[in-house]
Amino acid sequence: MKKVLSLLLAVSMLAAIIVPAFAQEKSETHNPDECGNVPVIIVRGMDFGGLYVDLGTENETPAINTDVGMIVKGALKAIGMSIIRFDFDYFIDGVIELANGIFKNFTMDENGDSLYNVSVPKYPESADNYQNLCDGEGFEYGMVRTCIEAFGEGHTYYINYDWRLDPYVVADDINAAVEAATKKTGHDKVNIVCCSMGGIMTVAYLDEYGYDKVNRCLFMSSTFCGAQVASDLLCGKVEIEPENLYNMLRNLTSDNKFLSFLIDALDFMGVFKGVTALTDYIFDNYKEEVYKDTIIPVFGKMLTLWGLVQPEDYENAINYIFGGRTAENAAFLKRADALRELMDGRTALINEMIDNGVEIAVVAHYGTPVVPVYENSHFNGDGTLETYQMSGYATVAPYGETLGDNYVAEKPEYLSPDRVVDLSTALFPEYTYIIRGAPHVAGSYGTDYADFLVWLLSYDGEFYAGASEKYPQFMISDSAQTLSSFE
Ligand SMILES: [Zn+2]
């Protein structure tokens, strides 16, 4: 026995020395036909705090200005002036000034390009060349690490981008990664994983560059059908409803019995109605001013947001933001119109891809309220985006409700067992997974969900939702992203 052990030890020591050398050699003469792994391109979502001014120079600063001194000074000025003058107008003016100080660097020029020298760190080589990507834990970073480990060196690329830009500009970056991955590995196709805002960026890529080099495309918590929040904000539909506010706070405190009790007590006492009476007063009296002085100058010309507007809201949004000023904004509106056309053509484009052998999966989550600041904040969601759009327009009950006992699904097999989501109306029901309780962009490293991602990227059989018994079309996620079926 001892002999066997020492032999094993010797062999493994030898392997430890030889294998890295062998691996090195293998990557230089990588044979795609023997590899079996398709390169993966991960297109991340919006990284609100991930933009930098003068990146890579000694003047580099985060684009979002969170300088505490500036914020405290601005807030004190707003409060002080409104007290001195005994007039709420001064407070709003101060808040607008403060917001413009924080978001100034986000401003776009008249054509919808960045006004200032803002950019993001980029990763042109395969992801295993970057230590921070090899060590990823949560969200897209976790996915990248999972893919590096599952599919080997040189087979994972990570797209980070300035989320304010025209999706057609970001499409160029996606194309560069697809070209690099295919050229360097010798594989002729890639798998694309697009997360959150990466959805619309990927649709722009597919429209601009085609799908010849795409084997499989996964739309994870994505904006491939836009987002209600963008529609509402650009149509001026800001609003805080007591019930939506309560739902969000109750969800945030659900792990803490005392805080949950407190939220319920405050609700019982009518506090949320009071808060929203105040916000109603602010919106009624100052909304126009806030839009004119902050929202339109800073956010009005972010082309990404325009791409997310729902087709039926587009004209309203143009009127609300550019009413009476369409002639002077013609150059920008031409680009915004192109994005509306992109979204109009999306379904036909994806169907054409499917007909030509590209495999897709849509993965959407529900069971977490969205941020309660817009008219449709009662939509069910994943804490960030709405399930309705993420799922490709499934019929979804409002947050906290079901479609009802009398609801009849057009195709009963597409109704979630808890009667909250009906995929009958979704664009691609046979390829769509619906997961209750998973957070926005799940797939943290080491979780069951990460295994699901690897399965989605590597499964070799007929690729439809529920192809594996392990991952049925309707699933439940716990807080550790462990997946289970409805029982
Ligand atoms: Zn390979």
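Residues numbered from 1 in each chain as written. Predicted model: local features only at pLDDT ≥ 70, side-chain atom pairs only at ≥ 80, totals over all residues. Heavy atoms only, no water.

### Some details on the coordination of the zinc ion
Distances from the zinc ion to its protein donors, namely His30 (NE2), Cys35 (SG), His155 (NE2) and His187 (NE2), fall within the range 2.0 to 2.3 Å. For the zinc ion, all donor residues lie on one chain, and their spacing in sequence is H-x4-C-x119-H-x31-H. Of this pair, His30 sits in the loop between helix 1 (2-28) and helix 2 (32-35) while His187 is found in the loop between helix 7 (167-185) and strand 6 (190-195), placing the two residues 157 residues apart along the sequence. Looking at His187, the relative accessible area reads 10%, which means it is buried. (Donors = N, O, S within 2.8 Å, 3.2 Å for Na, K, Ca; no water. Helix = DSSP H or I, 4+ residues; strand = E, 2+ residues; numbered from the N terminus. Buried < 20%, exposed > 50% of the residue type's maximum accessible area, 1.4 Å probe, protein only.)

### Comments concerning the sheet that holds strand 5 (residues 156-159)
What the eight strands build is an open sheet, ordered 5-1-6-7-8-13-14-15; its pairing is mixed. Looking at which strands have only one partner, the edges of the open sheet turn out to be strand 5 and strand 15 (483-485). With strand direction ignored, the average angle separating the axes of adjacent strands in the sheet is 20 degrees. Pairing analysis gives four bridges linking strand 1 (residues 40-43) to strand 6, with the strands arranged parallel. Note on strand 6: the bridge partner recorded for Val40 is Asn191. (Pairing = 2+ DSSP bridges. Axes fitted to C-alpha atoms, helices over the stretch in contact; angles between N-to-C directions.)

### Some points on the pairing of strand 14 (residues 474-477)
Across three bridges, strand 13 (residues 432-436) lies against strand 14 in parallel orientation. Considered in strand 14, the bridge of Ile434 is made with Phe474. For the handedness criterion, the β-α-β arrangement of strand 13, helix 17 (residues 448-458) and strand 14 is classed as left-handed. Where strand 14 folds back onto strand 15 in an antiparallel hairpin, the turn is made up of five residues, including Gln481, whose phi is positive at roughly 60 degrees. (Right-handed = clockwise from strand over helix to strand, strands pointing away.)

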